[in-house]
Amino acid sequence: MLILENIKLAFGALRANKMRGFLTMLGIIIGIGSVIAIMTVSSSLTTSISVSFQEMGANNITVGLRQSGEEEEVRQNGMRFGASGRSSTVEEEDRITDEMLETLTSRFPDQIEAIAISESVAEGTVRKKDSTANISITGINEDYFASSDITLLAGRKVKKEDLEGNKKVIMVSDKVVENIFDGKYEEALWKEISVEINGVYVSYYIVGVYKYEESSSFSSSSEDEVVTTAYIPLTTGKEQIHADDGYDHFTVVTAAGLSSVSAFAKELEIFFLPYYAANDDYEITATTMESMTESMNDMIQTVSAAIAFIAGISLLVGGIGVMNIMLVSITERTREIGTRKALGAKNSFIRLQFIIESMILCLVGGCLGILLGFGLGAVAATLLGYSASAPVAAILIAVGFSMTIGLFFGYYPANKAAKLNPIEALRYE
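Residues numbered from 1 in each chain as written. Predicted model: local features only at pLDDT ≥ 70, side-chain atom pairs only at ≥ 80, totals over all residues. Heavy atoms only, no water.

Caption draft 1: Structural detail: the overall build of the chain. Helices and strands together make up the secondary structure of the chain, namely 13 helices and 13 strands. Taken across its 429 residues, the chain has 43% of its residues classed as buried. Within the chain, counting contacts between residues at least 6 apart in sequence, those at least 24 apart form 77% of the total. As displayed, the chain has an accessible area near 22600 Å², and 56% of this comes from carbon and sulfur atoms. (Helix = DSSP H or I, 4+ residues; strand = E, 2+ residues; numbered from the N terminus. Buried < 20%, exposed > 50% of the residue type's maximum accessible area, 1.4 Å probe, protein only. Contact = heavy atoms within 4.5 Å. Areas by Shrake-Rupley, 256 points an atom, 1.4 Å probe, with all protein chains shown as cover.)

Caption draft 2: Region of interest: a negative patch on the surface. A cluster of acidic residues, E91, E92, E93, D98, E99, E102, D245, D280 and D281, forms a negative patch on the protein surface. Within the secondary structure layout, D245 lies in the loop between helix 7 (234-241) and strand 12 (249-254). D245 gets classed as exposed once you look at its relative accessible area, which sits at 55%. (Patch = residues over 30% accessible without salt bridge, like charges linked within 9 Å, V, L, I, M, F, W, Y side chains within 5 Å. Salt bridge = Lys/Arg side-chain N within 4 Å of Asp/Glu carboxyl O. Lys, Arg positive; Asp, Glu negative; His and termini not counted. Charge placed at Lys NZ, Arg CZ, Asp CG, Glu CD.)

Caption draft 3: The arrangement of the packing of aromatic side chains in detail. In this structure the tally under the stated criterion is 11 aromatic pairs. With a centroid separation of 5.7 Å and 50° between ring planes, the pair formed by F271 and Y275 is classed as tilted. Of this pair, F271 and Y275 both sit in helix 8 (residues 261-276), four residues apart, which is roughly one turn of the helix. Note on F271: relative accessible area 6%, which makes it buried. For the pair F408 and F409, a centre-to-centre distance of 5.0 Å together with 85° between the ring planes defines the contact as edge-to-face. Taking the relative accessible area as the measure of exposure, F409 reaches 9% and is therefore buried. Through a chain of ring-to-ring contacts, three or more aromatic side chains come together here, namely F108, F250, F264, F271, F272 and Y275. (Phe/Tyr/Trp six-rings, centres within 6.5 Å; stacked < 30°, edge-to-face > 60°.)

If you want it as structure tokens, here you go:
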């Protein structure tokens, strides 16, 4: 009952001095609000990255070459590079061969569903009279689509016969069809298009149209300038750019029900050890979406924690403000304290009254800060193109921390009030 009565007294004092109470809480509101806003954006970004990687293929393993003896750096596309931050030219004798991949598939028939291979060919512009469309040409094998979520709108995908015959066929996005063929997908099929690549025109026949999905909700390019990926047979692409045989990376699509994708990634690295045991320049490394997600999330959380810590310094300022106003309040209520002590109130009762008042002040400020922070964080996350995600743990910590501040910075004024001499307090003017 004593605690409940003190809580009522605290809210009564807050209502009696609304403006002073708000100004006192302002430091707490700004501090808590800043931390919650930062953590909301961080949580939203982390959730978005996790979802994106899941869509890219949670069961995919990217296997690639890495320069021996260098610290690795994982890029967002799953490739790994040396500490220099750039990839060096891979010689033909260092590349992964078709024979290696055939042996790999026969060694793990129950674990591997498909092996997807892709290689960048060139960027170019499709031209038809006054219409143009920018494309980035990528050579792929028939298993590539097992690792990529692509929605086919018309026609078909690149198949094995296209690779065996080095056919000049191409899959284009709906953006290309909209610009070149007025959005008529069926009419675009098996039509010849000319792509200007570095001043040279190369012809392909459209066999399929897929739905283009933007990688983010904001882009610096206009609809006419956007560059979409176009897919051609891998053999055709290698022949076009006179590339060496073999590959420097590929993606393993694991079979459904595999107990541990990360463990299988280690097995893949072990499989390639005999092939690269005598290679002083390169070694094989396998990366899972799980490991890339963890790396990205760890980096985001570290940066967010550092920024939140800096923003949290304002909580110290807010706490000092609370202590200051409590000292002023005690001075103003000296006669009240003297009267209560003269009527038999113990020192612990007086101390508890002002500690609870301080904690209520900080708790209300913390709640307002949480609302402000989540509102600002939600707006920022929306502007960045992510759905707002409430950091529940951060909210609970913020509430607890604000009450701790009230306890810490309220104890000294409360203790000072409790030690007042009742006679001197009653004589105070």
